[in-house]
Amino acid sequence: MTSHGRLTAFGNQLIEVHEWLREELAALRQDVDAYLAGGTRVRELRTHCLTFCSALDRHHNGENDFAFVKVAEQFPELRPVLEELRRDHQLVDDSLQRLETLVGELDRDADPTEFRRELDSLAALIETHFTYEEKRIVSALNALKVPSWDRTRPAFLLTDDEER
């Protein structure tokens, strides 16, 4: 916190959360590789996948429901960008749903390479999404004035480590 009690700039925090999500996704992809090589049990892979999917979903819902609303109020010129980001969130959500279905089928003679392909597709989608979002709205987030967020980190800026 700064001497004024405000957490670090919201845009900078967003980048930190994106980095954490990127790291979690990389670890999940390593788990899939280990599973395909016979080294990770399906239950562990399923747990890791569902935890990651839940964290990404919480992050995007928080952006849609809170952050983007505040950005649109204070920076109306960014509304088209925010709509594009919301469309990306829907694509990510669709992919997360497919992943959850596929990971649930892994111990039922399902082809694990299909799960890997979906995970790779999600990774490409969120990397493009995160990069675009960081380029387009970080400055606006850093300039946001939301008094209720000054002392309490909003949910879209939390990692699982911070919730524990």
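Residues numbered from 1 in each chain as written. Predicted model: local features only at pLDDT ≥ 70, side-chain atom pairs only at ≥ 80, totals over all residues. Heavy atoms only, no water.

Enquirer: Go over the overall build of the protein with me, naming the residues and quoting the values.
Expert: When its secondary structure is counted, the protein shows 5 helices and 0 strands. Counting only C-alpha atoms and orienting by the principal axes, one finds that the protein spans roughly 55 × 35 × 20 Å. For the protein, with 164 residues in total, the buried portion stands at 45%. Contacts in the protein between residues at least 24 apart in sequence constitute 80% of all its contacts with a sequence separation of at least 6. A total of about 8600 Å² of accessible surface is found on the protein, and carbon and sulfur atoms cover 49% of it. (Helix = DSSP H or I, 4+ residues; strand = E, 2+ residues; numbered from the N terminus. Buried < 20%, exposed > 50% of the residue type's maximum accessible area, 1.4 Å probe, protein only. Contact = heavy atoms within 4.5 Å. Areas by Shrake-Rupley, 256 points an atom, 1.4 Å probe, with all protein chains shown as cover.)

Enquirer: Quick one: what's the story with the pattern of salt bridges, residue by residue and with numbers?
Expert: Summed over the entire model, instances satisfying the criterion amount to 10 salt bridges. One salt bridge in this structure joins glutamate 134 and arginine 22, with 3.2 Å as the shortest N-O distance. Placement of glutamate 134 in helix H4 (residues 112-143) and of arginine 22 in helix H1 (residues 10-36) is noted, with a sequence separation of 112 residues between them. For the pair glutamate 134 and arginine 22, one class covers both residues: buried. Close ionic contact of glutamate 73 with lysine 70 constitutes a salt bridge, the shortest N to O distance being 3.8 Å. You can see glutamate 73 and its partner lysine 70 sitting in helix H2 (residues 42-74), 3 residues apart, about one turn around the helix. Lysine 70 sits in the partly exposed class, given a relative accessible area of 27%. Through salt bridges with shared partners, a single network forms among Glu19, Arg22, Glu127 and Glu134. (Salt bridge = Lys/Arg side-chain N within 4 Å of Asp/Glu carboxyl O.)

Enquirer: Summarise the state of the cysteines; cite the residues concerned and give the values.
Expert: Here a disulfide denotes one covalent bond, and it connects the sulfur atoms of two cysteines. Inspection of the entire model under this criterion finds 0 disulfides. Cysteine 49 carries a free sulfur, and the closest cysteine sulfur to it, the one in cysteine 53, is 3.9 Å from it. Judged by relative accessible area, which is 1%, cysteine 53 ranks as buried. (Disulfide = S-S within 2.5 Å.)

Enquirer: Kindly report on the environment of leucine 14, identifying the contributing residues and their values.
Expert: Structurally, leucine 14 can be placed in helix H1. Assessed through its relative accessible area of 0%, leucine 14 is described here as buried. Residues in contact with leucine 14, not counting those within four places in the same chain, are His59, Glu63, Glu133, Val138, Leu141, Phe156 and Leu157.

Enquirer: Tell me about the nonpolar core, and name the residues and values.
Expert: Side chains of nonpolar character tend, in soluble globular proteins, to be buried together. Grouped together as the largest cluster of nonpolar side chains are 46 residues, with contacts concentrated most on Leu56 and Phe115. Breaking this core down by element, the ones donating at least two residues are H1, H2, helix H3 (79-104) and H4. Here this core gets 11 residues from one element, more than from any other, and that element is H2. Those residues in contact with phenylalanine 115 that lie beyond four places of it in its chain are Val32, Leu45, Cys49, Leu99, Leu102, Val103 and Leu106. (Core = buried A, V, L, I, M, F, W, Y, C linked by side-chain atoms within 4.5 Å.)

Enquirer: An account of the confidence of the model for the protein is needed here, citing residue identities and associated values.
Expert: Mean pLDDT for the protein: 89, with 93% of residues reaching 70 or above. Mean pLDDT values for the elements of the protein range from 63 in helix H5 (residues 160-163) up to 96 in H3. Between residues 1-7, whose pLDDT stays under 50, and residues either more than four places distant or in other chains, the model counts 16 contacts. (pLDDT = per-residue confidence, 0-100.)

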